[in-house]
Amino acid sequence: MTGSRTAATIDAARAEGRAALVVYLPVGYPDVDGSIAAARAAVEAGADIVELGLPYSDPGMDGAVNQEAMQAALAGGTRTADVLRAVREVAETGAPTLVMTYYNPVLRYGVDRFATDLVAAGGAGLITPDLIPDEAGEWIAAADAHDLDKVFLVAPSSTTERLHLTTAASRGFVYAASTMGVTGARASVGPRAEALVAATRAAGAERVCVGLGVSTGAQAAEVASYADGVIVGSALVRTLIRSDGDRDAALEDLRLLIGELAEGVRAGRLVR
Amino acid sequence: MTDFRDAVGPYFGDFGGRFVPEALIAALDDLATAWDKLKDDPTFIERLAALHRDYTGRPSPITEVPRFAEHAGGVRVFLKREDLNHTGSHKINNVLGQALLTQQVGKTRVIAETGAGQHGVATATAAALFGLDCTIYMGEEDTRRQALNVARMRLLGAEVIPVTAGSRTLKDAINEAFRDWVANVETTNYVFGTAAGPHPFPALVRDLQKIIGEEAREQLSTRIGRLPDAVVACVGGGSNAIGIFTAFLDDAEVRLIGCEAAGDGVETGRHAATIGAGSPGVLHGAKTYLLQDEDGQTIESHSISAGLDYPGVGPEHSWLASIGRAEYRPVTDAEAMEAFRLLTRTEGIMPAIESAHALAGAITLGRELVAAGADPAETVLLVSLSGRGDKDVETAAEWFGLVDSSAASGEDEGGSTTA
Ligand SMILES: Cc1ncc(COP(=O)(O)O)c(C=O)c1O
């Protein structure tokens, strides 16, 4: 498919001889406007693609940092409609903006209605951490009807058969979970990530981005040496979790980290 | 679907499935495949039967309770006595089977979630028996409500991890157990405690609990030569209920009644009546009824009974409700505690507060049937007495104002003492 701006952005990065930098930020943390400001700052500082997290009461695939941010976002009253507003304001930057969401909020909103409103907001598609293609018939139909990206995940435990299935169902990119585990910064990105990317490519994937555990420029460079995109989430959220509530300082820390990661995705290809 | 009792999942009508991260699919597939093979394996069947007989003390008896039944319109009430099982509830039926399954798939560690602590105690017991490492996740709130069960699990050698995320109750303990499982799936089996969650758990747990109804059907037939008019059970996630229902699913004349915890009353919003007052969605890996707000965020449940205090329910129950094969009724804290008092005082059997919800359901149903013209002597109710009340003595003592005033926390009678 050629409709995917996400895919085009990854291809453009590749043409520059680098991997794309994909950033995750949950909407509503520290509040809705604060999360929009953070995502826009991330794009200014060098992020190519944005994933906005829809806060959920039972985020089974998230580690402590993202859980805390989501819980705070919900406690602050963040609603699904706020996420769509955030998409609109972040997509204005020109960066492809996806929503990363557990399935139930989408189901509750109405799958086709969500797709319609996401398109209207300028969103690029969904990343669905607890929805496998086998269960995603309704979402796949809506995404295809509305020309949206469908980013499904593969894991180190995925069989070859499932890599094929997931790759075939995905549009935009395939999200390779680097380790068997939840989101959160780790000392090292799993050794299984590179093999997983290779296996996913062998299953037909044209674009594979790696997430879970990347937090530094050096890790970004390492991942960029074999993947089409590097996804960073918890490490960015961590810069926003500040006891002193100083938002300007938090945004500055965020920009600095994005700058480091953006250098990382550029350094990576030189290694190759 | 011609035979209800053979429904295998992953789908029960529109419900069920596997709404989980891809990382868990291989483990769920392995579990489903292993269970498919094992459940018909004669060696496994014999080992499990021996454990039921020699360890748990099965078959659990059925007991007719005429003095209690006077309060249920005078119909005949039989209790299926899962309270007499080793560890005090039906939960042991499930964990023994899953512990054997864990050995079969070559894993050395088990994890589990627990609300009231009964499933945690049962899992810790099986882990001790089988020499498995054991970690139990329990909401911090529940570790306080059920401190004695925390001690029991630790005495049995289990590590108990209080979960401080979210509402700090059972639903958060399940989230945390899934997180552990994703990270440690190579060594670890997740012993899910109820007939909910992603496939194959609803079918697996049902298969391991259906012995409750199979025994009871046989025992009733020997005792009175007929089927009951209705089977009544409490529904948290739904394992004791599906366990006693399954043997009767294809007997269309037998009414199946699940009693959900209505807490302070469904109209107050403080309840756990998932099917009665919830709506379909996805929670903990399955499409099923759940308590959710307009945005699909899970709403916290409330019940005096920690074991029923869960905002979801097993997908097979959602299906049985949607096709009208089973009915689900709300029972408030106050109704359950009255039934708890009645059974204790009329029969000398102290039920778990969970099970007291089923007893309250039986009282209401018996009176209804008689009011509608049924002959009480010819009306038979079978009630799942899923567990015993030892763990609930403190809660009950507070509820009924029996705590020494110097030690009392100052709650007045009828107040919600554990919320
Ligand atoms: C005695 C007893 N009955 C019932 C339940 C509810 O679980 P389920 O609905 O799976 O039977 C529990 C849960 O802890 C329990 O301890």
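The structure displayed is predicted, hence computed values, not measured ones.

## Observations regarding the overall build of chain A
Thought 1: Counting its regular elements, chain A contains 12 helices and 9 strands.
Thought 2: Since a compact globule built from 272 residues should have a radius of gyration of about 19 Å, the 17 Å found for chain A is in line with a globular shape.
Thought 3: Dimensions of chain A, computed from the C-alpha atoms along their principal axes, are close to 45 × 40 × 30 Å.
Thought 4: With 272 residues in all, chain A has 64% of them scored as buried.
Thought 5: Placing the 23 positive and 34 negative side-chain charges of chain A at their respective mean positions leaves the two points 2 Å apart.

## So, the site of the ligand
All names here are of chain B.
Thought 1: Every one of the 19 residues lining the ligand counts as a neighbour, but Thr194, Gly236, Gly238, Ser239 and Ser386 are closest to it.
Thought 2: Within the contact set of the ligand, an oxygen atom lies 3.1 Å away from a side-chain nitrogen or oxygen of Lys91.
Thought 3: For the ligand, the protein covers 97% of the area, taking 390 Å² as the surface of the free molecule.
Thought 4: When atom positions are compared with the pocket grids, the ligand is found to occupy the largest cavity.
Thought 5: For the shell around the ligand, the secondary-structure elements that each account for two or more residues are strand S9 (230-235) and helix H11 (239-245).
Thought 6: Each residue belonging to the shell around the ligand can be placed in one class, and the counts come to 5 nonpolar, 12 polar and 2 charged.
Thought 7: Two domains share the shell around the ligand, each providing at least three of its residues, namely domain 1 (10-53 + 90-205) and domain 2 (59-88 + 211-413).

## Observations concerning the sheet that holds strand S6 (residues 153-154) of chain A
Residue and element names in this part refer to chain A.
Thought 1: Taken in spatial order, the 9 strands line up as S5-S4-S3-S2-S1-S9-S8-S7-S6 in an open sheet, and their pairing is parallel. Only two strands of the sheet have a single partner each, and these edge strands are strand S5 (149-151) and S6.
Thought 2: Where strand S4 (residues 125-127) lies against S5, 3 bridges are found, and the strand directions are parallel. Bridge pairing in S5 places Ile127 opposite Val151.

## A closer look at the UniProt feature "domain: Tryptophan synthase beta chain-like PALP" (unreviewed entry) in chain B
Thought 1: UniProt annotation of "domain: Tryptophan synthase beta chain-like PALP" (unreviewed entry) refers to residues 57-383 of chain B when read in the numbering used here.
Thought 2: Within residues 57-383 of chain B, the helical portion is 42% and the strand portion 22%, while the C-alpha atoms at the span's ends are 19 Å from each other.

## Quick look at the sheet that holds strand S6 (residues 133-139) of chain B
Residue and element names in this part refer to chain B.
Thought 1: Taking strand neighbours across the sheet as the criterion, the 4 strands line up as S7-S6-S5-S8 in an open arrangement whose pairing is parallel. In this open sheet, the two strands that pair with only one neighbour each are strand S7 (159-163) and strand S8 (188-190). Strand-to-strand twist in this sheet, taken as the mean axis angle between neighbours without regard to direction, amounts to 25 degrees.
Thought 2: Contacts between helix H8 (residues 170-184) and the sheet are confined to strand S5 (109-114), S6, S7 and S8, with S5 contributing the most and set at about 160 degrees to the helix.

## Quick notes on the nonpolar core
Thought 1: Formed by 160 residues in total, the largest nonpolar core has its most connected members in Trp139(A), Phe173(A), Tyr175(A), Val230(A), Leu236(A), Trp181(B) and Tyr190(B).
Thought 2: In terms of residue count, the dominant contributor to this core is helix H12 (residues 247-271) of chain A (8 residues).
Thought 3: Two domains each donate at least three residues to this core, and these are domain 1 (10-53 + 90-205) and domain 2 (59-88 + 211-413) of chain B.
Thought 4: Cys259(B), Ala261(B), Ala362(B) and Trp399(B) belong to the second-largest nonpolar core, a separate cluster that totals 39 residues.

## Some words on unusual backbone geometry
Thought 1: With an omega of 0 degrees, the peptide bond between Tyr29(A) and Pro30(A) qualifies as cis.
Thought 2: In this model, His199(B) is joined to Pro200(B) through a cis peptide bond whose omega is 10 degrees.
Thought 3: Its location among the elements puts Pro200(B) in the loop between S8 and helix H9 (201-209).
Thought 4: With a phi angle near 75 degrees, Thr87(B) is a residue other than glycine that sits in the positive phi range.
Thought 5: Topologically, Thr87(B) is positioned in the loop between strand S4 (76-81) and helix H4 (91-104).
Thought 6: Although it is not a glycine, Arg168(B) sits at a positive phi angle of roughly 60 degrees.

## Digging into the pairing of strand S7 (residues 174-177) of chain A
Residue and element names in this part refer to chain A.
Thought 1: The alternating pattern of S7 places Val174 and Ala176 and Tyr175 and Ala177 on opposite faces, both of which are buried.
Thought 2: The sheet contact formed by S6 and S7 spans 2 bridges and is parallel. Note on S7: the bridge partner recorded for Leu153 is Tyr175.
Thought 3: In this fold, the crossover linking S6 to S7 by way of helix H8 (residues 160-169) has right-handed handedness.
Thought 4: In this structure, S7 lies alongside strand S8 (residues 208-211), joined through 4 bridges in parallel fashion. Residue Tyr175 lies in a different strand from S8, and its bridge partner there is Cys209.
Thought 5: Crossover S7 to S8 through helix H9 (residues 192-202) is right-handed.

Procedures and definitions
- Residue indices follow the written sequence of each chain, beginning from 1 at its first position.
- Numbering of ligands from 1 and lettering of chains from A proceed in the order in which they are written.
- At least 70 in pLDDT is required for a residue's local features to be given in this predicted model, at least 80 for side-chain atom pairs to be given and counted, and no such filter applies to totals for whole chains, interfaces and linings, which use all residues.
- Side-chain descriptors were evaluated using all non-hydrogen atoms of the structure, hydrogens and water having been removed beforehand.
- What counts as a helix is a DSSP run of H or I of at least four residues, what counts as a strand is a run of E of at least two, and both are numbered from the N terminus.
- For this measure, only C-alpha atoms enter the radius of gyration; the expected value for a globule follows 2.2 Å times N^0.38, where N is the number of residues.
- Categorising residues by exposure relies on relative accessible area from a 1.4 Å probe, with only protein chains included: less than 20% of the type maximum marks a residue as buried, more than 50% marks it as exposed, and the intermediate range marks it as partly exposed.
- Note that His is not counted, nor are the chain ends; the positive residues are Lys and Arg, and the negative ones are Asp and Glu.
- Here the site of a charge means atom NZ of a Lys, CZ of an Arg, CG of an Asp or CD of a Glu.
- Here a residue counts as near a molecule or strand whenever at least one of its heavy atoms sits within 4 Å of it.
- The definition of a polar contact used here is a pair of N or O atoms within 3.5 Å, where within protein one atom must be able to donate a hydrogen and the other to accept one, and adjacent residues in sequence count solely through side-chain atom pairs.
- Accessible areas in this description were obtained via Shrake-Rupley with a 1.4 Å probe; residue shielding takes into account the shown protein chains only.
- Here a cavity is any set of points on a 1 Å grid over the protein atoms alone where a 1.4 Å probe fits but cannot get out, and a pocket is any open set with protein on both sides within 12 Å along at least 5 of 7 lines; a residue lines the site when it has an atom within 4 Å of a point.
- In this scheme, a molecule is assigned to a cavity or pocket if more than half of its atoms are within 2 Å of the grid points.
- Three classes are used: nonpolar for Ala, Val, Leu, Ile, Met, Phe, Trp, Tyr, Cys and Pro, charged for Asp, Glu, Lys and Arg, and polar for all others, with Gly counted as polar.
- Throughout the structure description, domain borders are defined by an automatic or database domain assignment.
- At least two DSSP bridges between two strands are required for those strands to pair.
- UniProt positions are given in the numbering used here, feature names are shortened, and annotations may be inferred rather than shown by experiment.
- What counts as an axis is a line fitted to C-alpha atoms, over the stretch in contact for a helix, and the angles between N-to-C directions run from 0 to 180 degrees.
- Residue contacts are counted whenever heavy atoms from the two residues lie within 4.5 Å of one another.
- Each nonpolar core is a collection of buried residues, namely Ala, Val, Leu, Ile, Met, Phe, Trp, Tyr and Cys, held together in the definition by side-chain atoms within 4.5 Å.
- Looking down the strands as they point away from the viewer, one classifies a crossover as right-handed if the path from the first strand across the helix to the second runs clockwise.

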